[in-house]
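These are the residues of each chain, in order.
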Amino acid sequence: MDDHLTIFSNIVSKSKEEIVTLEDVFNTHPDLKKIDLENGCEFENSMRNGKIIPSLKFATEEDAEEITHIFKEVYDNTYPYKKMESLSEVLSMIRDPNYYWIVFKLKPDIKIGCIGIHLDFERKVANFFGFAFRKEFREKVDIATASMACMVAPVYKFRDRILVWFAEIRSSFSSIQYLSKSAGLLPMAFLPNKDIFFNHPESEILFVIYDRKVLFNYRSSKKPEIISQAIFCYFHAFQKYNLELPTIKNYETIESELNNSEIAYKKKQLLRKVERDEFGNEVITFSIKGTDSYFQFQYYKNIKIAEKTIFKVATIEELQLFLNKIKAFIITSKVRYFEAYLSAYKSEHQALFFNAGFKPTGYIPAFNYNRILNDFEDQVVFVHHKKELDKIVYLIPETEEFLKTIKYYKELQKI
């Protein structure tokens, strides 16, 4: 373990990159932050470099059908999340105060693209999703200016209620990686082979930006405690956000320390519940009878991925029991990708996930809001995925640097 600590000790005195926060973005783009998306925005100079800058506005119910058409057209009816192709689901999101859609328009009323925003006001976190732009307009329209505006304006609008923003960005879409970096978001986690676009597996990169208060006032004072296998993910975050030195743990024999009698007993009390929606997506919950312990995740059966994992356990034996079920589920259901965001302060949980075949792919400071303590806790991203990664990637330098730091870059290179 001394070798790992030496890595950090040797760079503590080195100059760090300037931390980019929401406040920095507002100062850099003062003309974009106050754009009125409620009433719609037309740029005063509607041309840039010979291309048209489309107008922007928050979608209304009248736009819902066109949004579904955009997804069907852009992705040739192969978009993996079928809610985006459903009129009733898009209408539901437009009516929901926790969701917003922004549409790109050309005169007189030609809708050429869209992007969604999900706002979690309880967690003070929001994410951009569902970016789609009609192919025939990509060479005629200044996507960059419009996309930058649709990121900066809503971030400013909700600045007092949303303190952390993120986006999962395709590894084959370098232009959107570049725009996200220009808007202050930094690559913080790798999601290997998470999605399928045009019937082809593709990795994504999680980009994040924070309100300055989150990093300097509300980040948990607890010292991160991580397993040695997550050291390079932490190193990346350490460089970008001037983090403290972590405690590094090694659990080479953790499974031999488990109480197998407790696992065997509670296995008999294990319950399983499955809830399905109209698209065949499942929310699967394992629980232990007589306790409030549980393990829940969302499973997209059509593309065989699992995400949104949450769990509560009283002992590491309970977590091991749940992970035994997850390992069996991955095999029997042929799951391609399984994602979990773990506490950065519970190294024994990280060790059990690692032993179950999950690999650390990112360290995200201040990503989980604790309502009781009113602070933001760090998380480590762990992913179980098929070994062979998609090789069709187009990365900006910052993304390449990140992947090299966490030791995943070589796996993306063509042989």
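In what follows, the structure referred to is the one given above.
Quick caveat: nothing in here was measured; it's all calculated off a predicted structure. (Residues numbered from 1 in each chain as written. Predicted model: local features only at pLDDT ≥ 70, side-chain atom pairs only at ≥ 80, totals over all residues. Heavy atoms only, no water.)

Chemist: So, the overall build of the protein: which residues are in play, and what are the values?
Modeler: Counting its secondary structure elements, the protein contains 13 helices and 18 strands. Taken against the 2.2 N^0.38 rule, which gives 22 Å for 415 residues, the C-alpha radius of gyration of the protein at 22 Å falls within 12% of a compact globule. C-alpha atoms of the protein, sized along the principal axes, occupy 70 × 55 × 50 Å. Buried positions account for 55% of the 415 residues belonging to the protein. Pairs at least 24 apart in sequence give 65% of the contacts found in the protein among residues at least 6 apart. A total of about 19,200 Å² of accessible surface is found on the protein, and carbon and sulfur atoms cover 49% of it. (Helix = DSSP H or I, 4+ residues; strand = E, 2+ residues; numbered from the N terminus. Rg over C-alpha atoms; globule rule 2.2 N^0.38 Å. Buried < 20%, exposed > 50% of the residue type's maximum accessible area, 1.4 Å probe, protein only. Contact = heavy atoms within 4.5 Å. Areas by Shrake-Rupley, 256 points an atom, 1.4 Å probe, with all protein chains shown as cover.)

Chemist: Which residues make up the packing of aromatic side chains, and what values go with them?
Modeler: Under the counting rule described, the total for this entry stands at 36 aromatic pairs. Ring centres of Phe26 and Tyr156 lie 5.0 Å apart, and the angle between their planes is 90 degrees; on these two criteria the pair is classed as edge-to-face. Placement of Phe26 in helix H2 (residues 22-28) and of Tyr156 in helix H6 (residues 143-157) is noted, with a sequence separation of 130 residues between them. Here the two residues Phe26 and Tyr156 agree in accessibility, since each one is buried. Pairing Tyr99 with Phe129 gives two aromatic rings, centres 6.1 Å apart and planes at 90 degrees, and the pair type is edge-to-face. Taken together, the residues Tyr99 in strand E4 (residues 99-106) and Phe129 in strand E6 (residues 125-133) connect sequence positions 30 residues apart. The rings of Phe71, Tyr75, Tyr79, Tyr81, Tyr99, Trp101, Phe129, Phe197, Phe198 and Tyr300 are connected pair by pair, giving a single aromatic cluster. Note that Lys124 overlies the ring of Tyr369, its terminal NZ or CZ placed 5.3 Å from the centroid. (Phe/Tyr/Trp six-rings, centres within 6.5 Å; stacked < 30°, edge-to-face > 60°. Lys NZ or Arg CZ within 6 Å of the ring centre and 35° of its normal.)

Chemist: Which residues make up unusual backbone geometry, and what are the values?
Modeler: Cis geometry marks the peptide bond from Lys107 to Pro108; its omega dihedral reads 5 degrees. Among the secondary structure elements, Pro108 is positioned in the loop between E4 and strand E5 (110-120). Within the chain, Asp76 stands out as a residue other than glycine whose phi angle is a positive 50 degrees. Summarising the element assignment, Asp76 is placed in the loop between helix H4 (64-74) and helix H5 (87-95). Unusually for a residue other than glycine, Lys308 sits at a positive phi of about 55 degrees. Residue placement: Lys308 occurs in strand E15 (residues 305-312).

Chemist: Residues and numbers for the packing of helix H9 (residues 231-241) against helix H13 (residues 397-405), please.
Modeler: Running from N to C, H9 and H13 cross one another at 135 degrees; their axes reach a closest spacing of 8 Å. The orientation of H9 relative to H13 falls into the category oblique. Contacts from Phe232, Phe235, His236, Gln239 and Lys240 of H9 reach H13 at Glu401, Phe402 and Thr405. (Axes fitted to C-alpha atoms, helices over the stretch in contact; angles between N-to-C directions. Parallel < 35°, antiparallel > 145°, perpendicular 65-115°, else oblique.)

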